[in-house]
Amino acid sequence: MAYIGGEARSQHTLFPTTLDDLIPQDHVRRVIEAFVNRLDVGGLGFVRSEAAETGRPGYDPRDLLKLYLYGYLQQIRSSRRLEAECQRNVEVMWLLKRLAPDYKSIAEFRRMHREAVMGAGAELVRFARSVGLVRGEWVAIDGSKFRAVSSSHSVREREAVKRYLDQLERADEQDEVVIEPSAVAAALEKLKSHPEPEARFMRTASGSVPAYNVQTAVDAEHALIVAQQVTTEANDQRSLLPMAEAAKQAVGAPALLNVVADAGYSNGEQAERCEGHGIVPHVPANRAVNNKGDGTLFDRSQFQYDENTDTFRCPAGQMLVRKPLARKDRAVIYAGRAEVCGSCPLKTRCTTSAQRFLTRHLHDDALQRMQQRTTPQVMRLRRSTVEHPFATLKYRIFGHPRFLLRGKDGAQTEISLATIAYNLKRMMNVLGGQKLAAALCF
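Here the structure is a predicted model, which means the values were calculated and not measured.

### Considerations on the overall build of the protein
Along its length, the protein carries 17 helices and 11 strands. When contacts within the protein are restricted to residue pairs at least 6 apart in sequence, those whose partners lie at least 24 apart make up 69%.

### Some points on empty space enclosed by the protein
Enumeration over the complete set of coordinates arrives at two cavities of 30 Å³ or more. Reported here for the second largest cavity is a volume of approximately 30 Å³. Lining the second largest cavity we find L124, V125, A128, V134, L224, I225, V226, N423 and M427. Contributing elements (two or more residues each) for the lining of the second largest cavity: α7 (114-130), β4 (224-231) and α16 (407-431). Of the residues that constitute the lining of the second largest cavity, the class distribution is eight nonpolar, one polar and no charged.

### Let's talk about the nonpolar core
The biggest cluster of nonpolar side chains holds 97 residues, and the ones touching the most others in it are I32, F35, L69, I141 and F403. Element by element, the count of residues in this core is highest for α16, at 10 residues. Those residues in contact with L69, other than ones at most four positions away along the chain, are I32, F35, V36, L417, I420, A421 and L424. By size, the runner-up hydrophobic cluster in this structure holds nine residues, among which are F303, F312, C314 and L320.

### Quick look at the packing of helix α1 (residues 28-37) against helix α17 (residues 433-441)
Two packed helices can be described by the angle between their axes and the distance between those axes. Look at α1 against α17: their axes get within 8 Å of each other, and the N-to-C directions meet at 15°. With respect to their mutual orientation, α1 and α17 come out roughly parallel. Of the two possible hands of crossing, α1 and α17 adopt the one that is left-handed. Touching R30, V31, A34 and F35 of α1 are G433, L436, A437, L440 and C441, all from α17. By residue class, the composition of the contact of α1 with α17 is seven nonpolar, one polar and one charged.

### What about the side chain of R110?
Within the element layout of this structure, R110 appears in helix α6 (residues 103-111). E414 provides the closest opposite charge to the buried, salt-bridge-free R110, at an N-O distance of 4.3 Å. One polar contact links R110 to Y68, side chain to side chain, over a distance of 3.4 Å. Excluding residues within four positions of it along the chain, R110 makes contact with Y68, Y72, R77, S79, L405, T413, E414 and L417.

### Description of the environment of D60
In this fold, D60 is placed in the loop between α2 (41-44) and α3 (61-73). We classify D60 as partly exposed; its relative accessible area is 29%. Distance from D60 to R48, taken between C-alpha atoms, is 7.0 Å for residues 12 residues apart in sequence.

### Observations regarding the environment of L405
Tracing the backbone shows L405 in the loop between α15 (376-397) and α16. In sequence terms L405 and A148 are 257 residues apart; their C-alpha atoms lie 8.2 Å from each other. The residues contacting L405, other than those within four sequence positions of it, are R110, V149, G410, A411, T413 and E414.

### Topic: α17
Regarding α17, the residues found buried are G433, L436, A437 and L440. Taken end-on, α17 shows its buried residues confined to a sector of 100°, consistent with a single buried face. Buried positions along α17 lie against α1, α7 and α16.

### With respect to helix α4 (residues 79-88)
What sets the pattern is the α-helix's 3.6 residues per turn: residues three or four places apart point alike. Considered for burial, the residues of α4 that qualify are S79, L82, E85 and C86. Mapping the buried residues of α4 onto a view down its axis gives an arc of 110°, with all of them on the same face. Set apart from the buried face of α4 by more than 90 degrees, the exposed residues are R80, Q87 and R88. In the core, the buried residues of α4 are packed alongside α3, α5 (90-96) and α6. With a side-chain oxygen positioned 3.3 Å from the backbone nitrogen of R80, the residue opening α4 is S78.

### So, the packing of α3 against α4
Axis separation between α3 and α4 bottoms out at 11 Å; the angle between their running directions is 105°. What the angle tells us is that α3 and α4 run roughly perpendicular. Across the interface between the two elements, L67, Y68 and G71 from α3 touch S79, L82 and C86 from α4. Partitioning the contact of α3 with α4 into residue classes produces four nonpolar, two polar and no charged.

Criteria and cut-off values
Residues numbered from 1 in each chain as written. Predicted model: local features only at pLDDT ≥ 70, side-chain atom pairs only at ≥ 80, totals over all residues. Heavy atoms only, no water. Helix = DSSP H or I, 4+ residues; strand = E, 2+ residues; numbered from the N terminus. Contact = heavy atoms within 4.5 Å. 1 Å grid on protein atoms, 1.4 Å probe; cavity = no way out; pocket = protein on both sides within 12 Å on 5 of 7 lines; lining within 4 Å. Points joined across faces, edges and corners; volume = space filled by probe spheres on them. Nonpolar A, V, L, I, M, F, W, Y, C, P; charged D, E, K, R; others polar. Core = buried A, V, L, I, M, F, W, Y, C linked by side-chain atoms within 4.5 Å. Buried < 20%, exposed > 50% of the residue type's maximum accessible area, 1.4 Å probe, protein only. Axes fitted to C-alpha atoms, helices over the stretch in contact; angles between N-to-C directions. Parallel < 35°, antiparallel > 145°, perpendicular 65-115°, else oblique. Left-handed = near helix turned anticlockwise from the far one by under 90°. Lys, Arg positive; Asp, Glu negative; His and termini not counted. Salt bridge = Lys/Arg side-chain N within 4 Å of Asp/Glu carboxyl O. Polar contact = N/O pair within 3.5 Å; in protein donor to acceptor, adjacent residues only side chain to side chain. Arc of directions from axis to C-beta.

The structure is reproduced here in structure tokens:
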């Protein structure tokens, strides 16, 4: 029995007659085309948005933006691989009208358009608001680590040079050693020329590696990312306010916005400032654990705070009065009197020292309000809203959570492109490709 045979490679064909016949009407390429064509690329800051009158013509930034959005949706982020796609991929031929830019032009476009790409992402969020895909009532915030380009050895070497220069500066102030100017100049030059000057060691599932902390704010209506930021913060403790403010601006600055995040964002000062800006934080308060006396001593929750007298009342009914402020920990210290604690029948259950001490955060009231608002239903909303987008960004768009571009600016450009790709993909899942493309063209 014969096999199913193909056509001869020298056979001429008249079908299909155009590239357009190869692309379905609901294909994501038509959505990318419609989105990019509606952008005011000049207003967003894309270079050469208008053709030059003299000199060699350049590539339209709209075409290169379309190429990158297509690439990120297909886990193709390398400029060299995108160059190859232009010459062999029918979908890219349709999208770029058979243009085949070289990898240097492709890479240069991404390198120099960080702010413009971020602006394009903001335009997509505004469009999503206009068609009802972003409600702006509940927003979930979270952070995740993405590995930097540089190796661990390279970043350790950079940090060693920094420590060396710091030691020299301290020694120079104390006139303890004679410093060799040539050695200092060489160290400064080495530090200045390091290709990854901002990446820090951060804890990830793979251990401590050079990475950036990527923050996202996701609207709860359809899990669209409305704000994102690449930071060098190793944890999320100082990111609640900036991300909440960015999210509120992105969703149209409503009078009231509910923001939910995990305990890593517990920050009383920022929670209080959020409330002053019309943002209601729902974050578990990250309290210290009572580990003295094997955890058997009275917990702080068993002491009653009196706001009028600014004192605590202990389980035995005695008062703990305010002591000096611990500025390092941003807390106020309260203490019982040693003679009272020493004769107290509950002392063995309260403290192992001469007197009982308590600390109260400077913004403890904001922490308590935030904790009271954090219900199990709210935390389930957080998990179902913000965790899936990170998984999609890392493993469906990036392919693996590692940047290709160096430096914080390069990482920000990559995250901005990936976020646009994610939002387009999510919007297609909700509306359908044909309907979304039609709405973008309107």
